[in-house]
Amino acid sequence: MVVKKEMIAMLLAGGQGSRLGVLTTHMAKPAVPFGGKYRIIDFPLSNCINSGIDTVGVLTQYQPLKLNNHIGIGTPWDLDRNIGGVRVLPPFERNVHSEWYTGTANAIYQNIEYMESYNPEYVLILSGDHIYKMDYEVMLDFHKQCNADVTIAAMPVPIEEAKRFGIVITDENKKIVDFEEKPEKPRSNLASMGIYIFTWKSLKEALIAQEEQPNLDFGKHVIPYCHEKGERLFAFEYNGYWKDVGTLNSYWEANMELIDIIPEFNLYEEYWRIYTKSVTLPPQYLSAGSVVEKCIIGSGSTIYGRVYNSVIGCDVVIGEGTVVHDSIIMNDVTIGSHCNIEKTIIAEEAKIGDRVKTGEGEEVENEEFPGIYNHGLVTIAEKSIIPSNLSIGKNTVLSGEFKENEFTDNIIPSGKSIIKGGDRA
């Protein structure tokens, strides 16, 4: 039975997120915690239901377990429906040409049958790893008014940064006259956000026509194909908050922006709520001696120490005499007493001993992975055990279970990467 839907969404959530280092060793980037109680994928999923889109295909591939467990049957987003709702779409075995998803458009192509089952007028293509709020219904209205075949959401960026993006060049009516993928000398500062609305007929024809293209990608292949074919391409200009949290520093910055006095990205708006899977936890507890200033504190957390300018997840324990500054502490982390935690990201279920100091000493470039661990951050992977009395320098990463007196003078100098158990950076 074919069920007619005006627009369905296809959410690309299979990314490895290698620039987030050990945070994505065991999970896809969209599953990484964000903002104390959320995960990154909550934002596009919430955008969908807030925009009236009730049919979402989530395309997973890399380390999908946590993501699948989080999405479940879609109940938190009101996407647990018999007709439509949310469906997780991993790669699957076929009679011929079985393969992993090899590119953004290839992943969509492999799910043509799923899309066809809803006979949509329009298909919305989304990425699962950006932080933003957008009413896709407004974008669809723009698409219809322009009689477009393809509409690309685009936002102005500083011209000096434009070469990092796919750039659209438009006329006075926002019709796209040219498209450049990461140009050395950009002719425009309108950058593609990786959000597309296609008329279903145009998308299906483009995917089938290029099905043999290796690593089939929207920016490199599908959009240029539609443009060369003479289809009507338009740019929907977006001027709100949008953040690609693809690096550790941008991830840290986006979390810190949530706790500004007047946050640019507001989690507390009644009319545009962000939904997430929640577990039943007791209220947070702040002891008589605790101090909390300008922070997000998740449910079930117990604070005995002092916490400043930080994002604290759920079920976290911060011991007596401990001071936390400018840090992200994820769910189920335990930090002992009399620690000093500075500009540190501590992933889920890590255990930190007593009198541990992070962010110590001079800032030195990371010896092995300078492109990942930088900007003075300390990163501690999930389920790591950090022994008492350890001093950890800047631009460092630790992953694994460490023992007392494992390090000379109990010091890990700045710029060191200590990753146990074969985990990648």
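To start, this report covers the structure provided alongside it. Fair warning: this is a prediction, and the values are worked out from it, not measured in the lab. (Residues numbered from 1 in each chain as written. Predicted model: local features only at pLDDT ≥ 70, side-chain atom pairs only at ≥ 80, totals over all residues. Heavy atoms only, no water.)

Attention shifts here to the overall build of the protein. Check the secondary structure of the protein and you find eight helices and 33 strands. For the protein, with 425 residues in total, the buried portion stands at 56%. Contacts spanning at least 24 positions in sequence make up 58% of the contacts within the protein whose residues lie at least 6 apart. Carbon and sulfur atoms form 48% of the exposed surface of the protein, whose accessible area is close to 18,600 Å². A distance of 1 Å separates the average location of the 39 positive side-chain charges in the protein from that of its 58 negative side-chain charges. (Helix = DSSP H or I, 4+ residues; strand = E, 2+ residues; numbered from the N terminus. Buried < 20%, exposed > 50% of the residue type's maximum accessible area, 1.4 Å probe, protein only. Contact = heavy atoms within 4.5 Å. Areas by Shrake-Rupley, 256 points an atom, 1.4 Å probe, with all protein chains shown as cover. Lys, Arg positive; Asp, Glu negative; His and termini not counted. Charge placed at Lys NZ, Arg CZ, Asp CG, Glu CD.)

Our focus in this paragraph is unusual backbone geometry. With a phi angle near 55°, His375 is a residue other than glycine that sits in the positive phi range. Residue position: His375 is located in the loop between strand S27 (357-360) and strand S28 (378-380). A positive phi angle, near 55°, is found at Asn410, a position not held by glycine. Structurally, Asn410 can be placed in the loop between strand S31 (396-399) and strand S32 (411-412). Judged by its relative accessible area of 18%, Asn410 is buried.

Our focus in this paragraph is the nonpolar core. By size, the foremost hydrophobic cluster in this structure holds 77 residues, and its most contacted members are Leu45, Val56, Tyr136, Ile195 and Tyr251. For this core, the leading source of residues is helix H8 (residues 248-257), giving five residues. Listed in part, the 35 residues of the second largest apolar core include Leu59, Ile176, Phe179 and Leu216. (Core = buried A, V, L, I, M, F, W, Y, C linked by side-chain atoms within 4.5 Å.)

Attention shifts here to the sheet that holds strand S23 (residues 334-335). Spatially, six strands are ordered S14-S17-S20-S23-S26-S29 in an open sheet, and the strand pairing comes out parallel. A strand with exactly one partner marks an edge of an open sheet, and here the two such strands are strand S14 (285-286) and strand S29 (385-386). Judged from the two bridges that link them, strand S20 (residues 317-318) and S23 form a sheet pairing that is parallel. If you follow Val317 over to S23, its bridge partner there is Thr334. (Pairing = 2+ DSSP bridges.)

This next bit is on the pattern of salt bridges. On inspection of all chains with the given rule, the structure shows 18 salt bridges. Glu180 is the salt-bridge partner of Arg187, the closest N and O atoms lying 2.9 Å from each other. A cluster of three or more residues bridged by salt bridges with shared partners is formed by Lys5, Asp54 and Arg81. (Salt bridge = Lys/Arg side-chain N within 4 Å of Asp/Glu carboxyl O.)

What follows concerns the environment of Gly336. With respect to the helices and strands, Gly336 occurs in the loop between S23 and strand S24 (340-342). Gly336 gets classed as buried once you look at its relative accessible area, which sits at 12%. Distance in space between the C-alpha atoms of Gly336 and Gly305 is 9.6 Å, their sequence separation being 31 residues. The residues contacting Gly336, other than those within four sequence positions of it, are Gly319, Thr322, Ile352, Gly353 and Asp354.

What follows deals with the sheet that holds strand S16 (residues 296-297). Taken together, the seven strands give an open sheet; going across it, the order is S16-S19-S22-S25-S28-S31-S33, and neighbouring strands pair in parallel fashion. The open sheet has two free edges, formed respectively by S16 and strand S33 (417-419), since each of these has just one partner strand. Bridging between S16 and strand S19 (residues 311-312) involves two bridges; their strand directions are parallel. The partner of Ile297 across the bridge, within S19, is Ile312.

Let us look at a nonpolar patch on the surface. A surface patch of nonpolar side chains, about 260 Å² in accessible area, is lined by Tyr285, Tyr304 and Val317. Here Val317 is to be found in strand S20. (Patch = residues over 30% accessible without salt bridge, like charges linked within 9 Å, V, L, I, M, F, W, Y side chains within 5 Å.)

In this sheet, strand S5 (residues 85-89) lies alongside strand S4 (residues 55-59) in parallel orientation, the contact comprising five bridges. Pairing of Leu59 across the sheet is with Leu89, part of S5. Once you follow S4 into helix H2 (residues 65-71) and on to S5, the crossover reads as right-handed. (Right-handed = clockwise from strand over helix to strand, strands pointing away.)

Here we take up helix H1 (residues 42-50). The buried fraction of H1 is high, at eight of nine residues. Burial in H1 covers these residues: Asp42, Phe43, Pro44, Leu45, Ser46, Asn47, Cys48 and Ile49. Following H1 by one or two positions, Gly52 adopts a phi angle in the positive range, close to 85°.

Now for the state of the cysteines. Across all of its chains, the model carries zero disulfides by this definition. Sulfur of Cys295: no disulfide; nearest cysteine sulfur belongs to Cys314 and is 14 Å away. The exposure class assigned to Cys314 is buried, which follows from its relative accessible area of 14%. (Disulfide = S-S within 2.5 Å.)

This part takes up the packing of aromatic side chains. This structure, assessed with the given rule, holds 14 aromatic pairs. Their ring planes at 80° and their centres at 6.5 Å tell us that Phe142 and Phe234 sit as a pair that is edge-to-face. Highlighted residues: Phe142 in helix H5 (residues 136-145) and Phe234 in strand S12 (residues 233-237), separated in sequence by 92 residues. Side by side, Phe142 and Phe234 carry an identical accessibility label, which is buried. Here a set of aromatic residues connected by ring pairs shows up, and it is made of Phe34, Tyr38, Phe43, Tyr241, Tyr251 and Phe265. Against the face of Phe265 rests Lys133, its NZ or CZ located 5.0 Å from the ring centre. The ring of Trp252 carries Lys343 above its face, with NZ or CZ at 4.7 Å from the centroid. (Phe/Tyr/Trp six-rings, centres within 6.5 Å; stacked < 30°, edge-to-face > 60°. Lys NZ or Arg CZ within 6 Å of the ring centre and 35° of its normal.)

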